[in-house]
Amino acid sequence: MSKIHVYFMPGMAASPSIFERIQLPKATFEMHFLEWLLPEKEETIEHYAQRVSENVTHENVILVGVSFGGILVQEMKQFLKVKKVIIISSVKSNVELPRRMKVAKSTKAYKLIPTKLFENIEGLAKFTFGSSIIKQRLKLYEKFLAVRDKIYLDWSIEQIVNWKRTEVDPEVIHIHGDADEVFPIKYIKNAIPVKGGTHIMILTKYRWLNDNLPKIMLDTI
(Lines give C-alpha, C1' and ligand atoms only; values in the text may rest on other atoms or scores of the structure.)
Protein backbone atom coordinates (compact mmCIF):
# COMPACT_ATOMS: atom_id res chain seq x y z
CA MET A 1 0.00 0.00 0.00
CA SER A 2 1.35 3.43 -0.92
CA LYS A 3 2.06 5.85 1.87
CA ILE A 4 -0.22 8.74 2.80
CA HIS A 5 1.53 12.06 2.24
CA VAL A 6 0.99 14.56 5.05
CA TYR A 7 1.94 18.21 4.56
CA PHE A 8 2.43 20.37 7.66
CA MET A 9 2.08 24.19 7.70
CA PRO A 10 3.47 25.94 10.81
CA GLY A 11 1.91 28.88 12.62
CA MET A 12 2.60 32.56 12.03
CA ALA A 13 6.33 33.34 11.91
CA ALA A 14 7.19 29.73 12.76
CA SER A 15 9.57 27.43 10.94
CA PRO A 16 8.87 23.74 10.23
CA SER A 17 11.01 22.89 13.28
CA ILE A 18 7.83 23.52 15.31
CA PHE A 19 6.85 19.98 14.23
CA GLU A 20 10.06 18.28 15.33
CA ARG A 21 8.31 16.39 18.15
CA ILE A 22 5.52 15.09 15.92
CA GLN A 23 6.01 11.51 14.80
CA LEU A 24 3.72 9.48 12.55
CA PRO A 25 4.13 5.75 11.78
CA LYS A 26 6.65 5.67 8.93
CA ALA A 27 5.15 2.58 7.36
CA THR A 28 1.88 4.46 6.74
CA PHE A 29 2.72 8.16 6.47
CA GLU A 30 5.32 10.34 4.80
CA MET A 31 5.73 13.77 6.41
CA HIS A 32 6.46 16.93 4.40
CA PHE A 33 6.97 20.43 5.76
CA LEU A 34 5.86 23.67 4.12
CA GLU A 35 7.43 27.06 4.83
CA TRP A 36 6.21 30.64 4.78
CA LEU A 37 6.93 32.67 1.66
CA LEU A 38 7.38 36.43 1.67
CA PRO A 39 4.06 37.95 0.52
CA GLU A 40 3.84 39.95 -2.67
CA LYS A 41 2.62 43.53 -2.50
CA GLU A 42 -1.09 43.65 -1.53
CA GLU A 43 -1.33 39.89 -2.02
CA THR A 44 -4.61 38.23 -1.08
CA ILE A 45 -4.58 35.15 1.13
CA GLU A 46 -6.17 33.20 -1.74
CA HIS A 47 -3.32 34.04 -4.11
CA TYR A 48 -0.76 33.34 -1.39
CA ALA A 49 -2.42 29.95 -0.72
CA GLN A 50 -2.17 29.13 -4.41
CA ARG A 51 1.57 29.89 -4.38
CA VAL A 52 2.20 27.73 -1.30
CA SER A 53 0.11 24.95 -2.89
CA GLU A 54 2.67 24.73 -5.69
CA ASN A 55 5.04 23.14 -3.14
CA VAL A 56 2.62 20.24 -2.59
CA THR A 57 3.83 17.65 -5.09
CA HIS A 58 1.45 14.76 -4.35
CA GLU A 59 -2.28 14.15 -4.75
CA ASN A 60 -4.80 13.01 -2.16
CA VAL A 61 -2.72 14.52 0.63
CA ILE A 62 -3.55 15.37 4.22
CA LEU A 63 -2.94 19.02 5.10
CA VAL A 64 -2.19 19.89 8.73
CA GLY A 65 -2.01 23.56 9.72
CA VAL A 66 -1.30 25.20 13.07
CA SER A 67 -2.79 28.58 14.07
CA PHE A 68 -2.45 30.94 11.05
CA GLY A 69 -1.15 27.91 9.16
CA GLY A 70 -4.55 26.35 9.88
CA ILE A 71 -6.26 29.27 8.19
CA LEU A 72 -3.90 28.96 5.23
CA VAL A 73 -4.41 25.21 4.66
CA GLN A 74 -8.17 25.81 4.51
CA GLU A 75 -7.53 28.30 1.70
CA MET A 76 -5.14 25.86 0.00
CA LYS A 77 -7.83 23.16 -0.13
CA GLN A 78 -9.42 24.72 -3.23
CA PHE A 79 -6.19 24.32 -5.21
CA LEU A 80 -5.35 20.72 -4.30
CA LYS A 81 -6.74 17.20 -4.23
CA VAL A 82 -6.87 16.50 -0.52
CA LYS A 83 -7.84 13.52 1.58
CA LYS A 84 -8.26 15.58 4.77
CA VAL A 85 -7.60 19.02 6.22
CA ILE A 86 -6.71 19.10 9.92
CA ILE A 87 -6.25 22.34 11.82
CA ILE A 88 -4.67 22.66 15.27
CA SER A 89 -4.98 25.71 17.59
CA SER A 90 -6.74 27.63 14.81
CA VAL A 91 -10.18 28.81 13.64
CA LYS A 92 -12.59 27.58 10.96
CA SER A 93 -14.16 30.95 10.13
CA ASN A 94 -13.98 34.59 11.18
CA VAL A 95 -16.93 33.91 13.51
CA GLU A 96 -14.52 31.97 15.74
CA LEU A 97 -12.04 34.83 16.05
CA PRO A 98 -11.90 36.30 19.57
CA ARG A 99 -13.65 39.57 20.30
CA ARG A 100 -10.40 41.56 20.53
CA MET A 101 -9.55 40.60 16.93
CA LYS A 102 -13.02 41.60 15.74
CA VAL A 103 -12.59 44.96 17.48
CA ALA A 104 -9.14 45.32 15.91
CA LYS A 105 -10.73 44.73 12.50
CA SER A 106 -13.51 47.29 12.95
CA THR A 107 -11.17 49.95 14.40
CA LYS A 108 -8.20 49.07 12.15
CA ALA A 109 -6.15 48.92 15.39
CA TYR A 110 -4.17 45.99 13.98
CA LYS A 111 -2.37 48.51 11.76
CA LEU A 112 -0.88 50.07 14.90
CA ILE A 113 0.81 46.88 16.13
CA PRO A 114 4.56 47.70 16.23
CA THR A 115 5.78 44.59 14.40
CA LYS A 116 9.27 46.12 14.22
CA LEU A 117 9.50 45.31 17.93
CA PHE A 118 9.03 41.61 17.15
CA GLU A 119 12.73 41.45 16.33
CA ASN A 120 12.82 40.95 20.11
CA ILE A 121 12.08 37.23 20.40
CA GLU A 122 10.18 37.61 23.69
CA GLY A 123 7.73 40.07 22.13
CA LEU A 124 7.18 37.86 19.08
CA ALA A 125 6.78 34.73 21.22
CA LYS A 126 4.15 36.40 23.42
CA PHE A 127 2.25 37.64 20.38
CA THR A 128 2.24 34.32 18.53
CA PHE A 129 2.10 31.81 21.39
CA GLY A 130 0.17 33.78 24.03
CA SER A 131 1.31 35.02 27.45
CA SER A 132 1.89 31.47 28.71
CA ILE A 133 5.42 31.47 27.28
CA ILE A 134 8.24 30.66 29.69
CA LYS A 135 11.21 33.05 29.68
CA GLN A 136 13.66 30.20 30.19
CA ARG A 137 12.53 28.82 26.84
CA LEU A 138 13.33 31.96 24.84
CA LYS A 139 16.28 30.26 23.11
CA LEU A 140 13.89 27.52 22.06
CA TYR A 141 11.33 30.05 20.78
CA GLU A 142 14.10 31.80 18.86
CA LYS A 143 14.72 28.53 17.02
CA PHE A 144 11.02 28.00 16.23
CA LEU A 145 10.09 31.59 15.31
CA ALA A 146 12.38 32.07 12.35
CA VAL A 147 10.31 34.38 10.11
CA ARG A 148 10.68 37.91 11.45
CA ASP A 149 10.38 39.99 8.30
CA LYS A 150 8.24 43.06 9.06
CA ILE A 151 6.41 42.92 5.71
CA TYR A 152 5.47 39.28 6.35
CA LEU A 153 4.36 39.96 9.95
CA ASP A 154 2.24 42.99 8.96
CA TRP A 155 0.66 40.98 6.14
CA SER A 156 -0.04 37.96 8.37
CA ILE A 157 -1.78 39.99 11.08
CA GLU A 158 -3.91 41.74 8.46
CA GLN A 159 -4.93 38.41 6.86
CA ILE A 160 -5.95 36.85 10.20
CA VAL A 161 -7.98 39.83 11.39
CA ASN A 162 -9.64 40.38 8.00
CA TRP A 163 -10.22 36.74 7.05
CA LYS A 164 -13.41 36.70 4.98
CA ARG A 165 -14.54 33.13 5.57
CA THR A 166 -17.91 33.13 7.35
CA GLU A 167 -19.08 29.60 6.52
CA VAL A 168 -17.32 26.68 8.18
CA ASP A 169 -16.16 23.90 5.85
CA PRO A 170 -17.73 20.80 7.48
CA GLU A 171 -14.92 18.61 6.14
CA VAL A 172 -12.25 20.41 8.18
CA ILE A 173 -11.15 18.51 11.31
CA HIS A 174 -10.35 20.86 14.19
CA ILE A 175 -8.16 20.00 17.22
CA HIS A 176 -8.10 22.66 19.92
CA GLY A 177 -6.68 23.09 23.41
CA ASP A 178 -9.11 24.05 26.17
CA ALA A 179 -6.52 26.50 27.58
CA ASP A 180 -5.71 28.31 24.29
CA GLU A 181 -5.18 32.02 25.03
CA VAL A 182 -4.88 33.26 21.45
CA PHE A 183 -8.07 31.59 20.16
CA PRO A 184 -10.09 30.86 23.35
CA ILE A 185 -12.13 27.67 23.10
CA LYS A 186 -15.32 29.48 24.17
CA TYR A 187 -15.49 30.89 20.63
CA ILE A 188 -14.78 27.52 18.98
CA LYS A 189 -17.46 25.07 17.83
CA ASN A 190 -17.16 21.39 16.88
CA ALA A 191 -13.51 20.80 17.76
CA ILE A 192 -11.74 17.82 19.30
CA PRO A 193 -10.71 19.24 22.71
CA VAL A 194 -7.30 18.66 24.25
CA LYS A 195 -7.31 19.06 28.03
CA GLY A 196 -4.73 21.59 29.18
CA GLY A 197 -3.70 22.41 25.63
CA THR A 198 -2.47 25.99 25.16
CA HIS A 199 -1.75 27.77 21.88
CA ILE A 200 1.66 26.05 21.80
CA MET A 201 0.31 22.54 22.29
CA ILE A 202 2.08 21.43 19.10
CA LEU A 203 5.12 21.55 21.41
CA THR A 204 3.62 20.73 24.81
CA LYS A 205 0.97 18.13 23.92
CA TYR A 206 2.96 16.28 21.27
CA ARG A 207 2.42 12.93 23.01
CA TRP A 208 -1.37 13.36 22.70
CA LEU A 209 -0.96 14.39 19.07
CA ASN A 210 1.39 11.50 18.28
CA ASP A 211 -1.13 9.08 19.79
CA ASN A 212 -4.22 10.56 18.18
CA LEU A 213 -3.24 12.13 14.84
CA PRO A 214 -2.73 8.75 13.11
CA LYS A 215 -6.16 7.56 14.34
CA ILE A 216 -7.80 10.80 13.15
CA MET A 217 -6.04 10.57 9.79
CA LEU A 218 -7.14 6.94 9.33
CA ASP A 219 -10.66 7.49 10.73
CA THR A 220 -10.14 5.01 13.53
CA ILE A 221 -10.86 7.37 16.43
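Here the residue numbering is sequential within each chain, running from 1 through the sequence in written order. Local features in this predicted model are restricted to residues whose pLDDT is 70 or higher, and side-chain atom pairs enter the listing and the counts only when it is 80 or higher, whereas totals over whole chains, interfaces and linings include all residues. Calculated side-chain values reflect all of the structure's heavy atoms, with hydrogen atoms and water omitted.

Asks: Where do I start with the pairing of strand β5 (residues 172-177) in this structure?
Replies: Put simply, side chains in a regular strand alternate between the two faces of the sheet. Any residue under 20% of the maximum accessible area for its type is buried, any over 50% is exposed, and the rest in between are partly exposed; the area is computed with a 1.4 Å probe on protein chains only. Put simply, DSSP H or I for four residues or longer makes a helix, DSSP E for two residues or longer makes a strand, and each gets a number counted from the N terminus. Counted residue by residue, β5 has six buried out of six residues, so it is predominantly covered. The alternating pattern of β5 places Val 172, His 174 and His 176 on one face and Ile 173, Ile 175 and Gly 177 on the opposite face, and all of these are buried. Pairing of β5 with strand β6 (residues 192-194), which is carried by three bridges, proceeds in the parallel orientation. Considered in β6, the bridge of Gly 177 is made with Val 194. Paired strands, in this sense, are two strands between which DSSP finds at least two bridges.

Asks: When you look at helix α1 (residues 45-53) in this model, what are you seeing that I'm missing?
Replies: Here α1 has its buried residues at Ile 45, Tyr 48, Ala 49, Arg 51, Val 52 and Ser 53. Of the surrounding elements, those touching the buried residues of α1 are β1 (4-9), α2 (68-76) and α6 (150-161). Here, two residues are considered to be in contact whenever any of their heavy atoms come within 4.5 Å of each other.

Asks: Would you take a moment to explain the pattern of salt bridges for this structure?
Replies: Oppositely charged side chains can form a pair if their charged atoms are brought close together. Whenever a carboxyl oxygen of Asp or Glu lies within 4 Å of a side-chain nitrogen of Lys or Arg, that contact is scored as a salt bridge. A full pass over the atoms with the stated rule returns nine salt bridges. The shortest N-O distance in the salt bridge between Glu 43 and Arg 51 comes to 2.8 Å. Judged by relative accessible area, which is 5%, Glu 43 ranks as buried. Arg 51 gets classed as buried once you look at its relative accessible area, which sits at 19%. Glu 171 serves as the salt-bridge partner of Lys 77, at 2.7 Å between the closest nitrogen and oxygen. Linking Lys 77 in the loop between α2 and β4 (82-88) with Glu 171 in the loop between α6 and β5, this pair joins segments that are 94 residues apart in sequence. Taking relative accessible area as the criterion, Lys 77 reaches 18% and is therefore assigned buried. Residue class for Glu 171 comes out exposed when judged on its relative accessible area of 53%. Via salt bridges that share partners, Glu 40, Glu 43 and Arg 51 belong to a single interconnected network.

This is a description of form; function is not addressed.
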